[in-house]
Amino acid sequence: QVQLEESGGGLVQAGGSLRLSCAASGRTFVSVGWFRQAPGKEREFVGAISWGFFGTYIADSVKGRFTVSRDNAKNTVYLQMNTLKPEDTAVYYCAGSRSVLRSSDGVEYWGKGTLVTVSS
């Protein structure tokens, strides 16, 4: 059974921080990434980490504020979000792929999502 389980969402004031976690089980992935979707908007790529390339990829829209990391011992990928803005409010999804992840293309498994709400 392949599972991606997000956690860590919640309500935070603008300027605050949150760390989202994605626990993966059932298989190994070349890349695990984060996407977000705000009401009325398309799902967008946020960032990803690649096991095979030992690299991280962050979208320009959040670069400098968000970082992606992983803990192999825990089989968990993290999204650290700092200096949060109201426009960051969205449902955040974890995704797994057997290829390098830069968009929803190639995503094979999705988590259920976790809601992040940033108040002003």
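Residues numbered from 1 in each chain as written. Predicted model: local features only at pLDDT ≥ 70, side-chain atom pairs only at ≥ 80, totals over all residues. Heavy atoms only, no water.

Asks: Could you give an account of the side chain of R36, with specific residues and numbers?
Replies: Looking at the element boundaries, R36 is found in strand β4 (residues 31-37). By relative accessible area, which is 7% here, R36 ends up buried. A distance of 2.6 Å separates the side chain of R36 from the side chain of E44, its partner in a polar contact. (Helix = DSSP H or I, 4+ residues; strand = E, 2+ residues; numbered from the N terminus. Buried < 20%, exposed > 50% of the residue type's maximum accessible area, 1.4 Å probe, protein only. Polar contact = N/O pair within 3.5 Å; in protein donor to acceptor, adjacent residues only side chain to side chain.)

Asks: Talk me through the state of the cysteines; I want residue IDs and the actual numbers.
Replies: With the rule as written, the count across this model stands at 1 disulfide. Put simply, C22 and C94 are joined by a disulfide, and their sulfur atoms are 1.8 Å apart. Classification of the bridge connecting C22 and C94 rests on its S-S torsion, roughly -70 degrees, and on that basis the disulfide is left-handed. Here C94 lies in strand β9 (residues 90-97) and C22 lies in strand β3 (residues 18-25), a separation of 72 residues in the sequence. One exposure class covers both C22 and C94, and it is buried. (Disulfide = S-S within 2.5 Å.)

Asks: Go over the pattern of salt bridges, please, and point to the residues and values.
Replies: Taken as a whole and assessed by the stated rule, the structure comprises 5 salt bridges. Between D88 and R36 there is a salt bridge, with the nearest N and O atoms lying 2.9 Å from each other. With D88 in the loop between β8 (76-81) and β9 and R36 in strand β4, this residue pair connects regions lying 52 residues apart in the sequence. The buried category is assigned to D88, whose relative accessible area is 1%. Across the salt bridge formed by E108 and R98, the nearest N and O atoms sit 2.7 Å from each other. (Salt bridge = Lys/Arg side-chain N within 4 Å of Asp/Glu carboxyl O.)

Asks: Just give me the short version of the pairing of β9, but keep the residues and values in it.
Replies: Burial analysis of β9 places 7 of its 8 residues in the buried class, which makes it a mostly covered element. Summarising the sheet, β4 and β9 pair through 7 bridges and their orientation is antiparallel. By the bridge assignment for β9, W34 is matched with C94. Where β9 and strand β10 (residues 109-110) come together, 2 bridges link them in antiparallel fashion. Within β10, the residue paired with A95 across the bridge is W110. (Pairing = 2+ DSSP bridges.)

Asks: Could you give me a rundown of the sheet that holds strand β1 (residues 3-7), with the residues and numbers involved?
Replies: Across the sheet, which stays open at both edges, the 4 strands sit in the order β1-β3-β8-β7 with antiparallel pairing between neighbours. Each having just a single partner strand, β1 and β7 (66-71) make up the two edges of the open sheet. Adjacent strand axes in the sheet meet at a mean angle of 20 degrees when their direction is disregarded. (Axes fitted to C-alpha atoms, helices over the stretch in contact; angles between N-to-C directions.)

Asks: Tell me about unusual backbone geometry, residues and numbers included.
Replies: Positive phi outside glycine occurs at N75, with the angle close to 50 degrees. Tracing the backbone shows N75 in the loop between β7 and β8. In the Ramachandran plot, T83 falls in the positive-phi region, its phi being about 50 degrees despite a non-glycine side chain. With respect to the helices and strands, T83 occurs in the loop between β8 and β9.

That is the geometry; function is a separate question.
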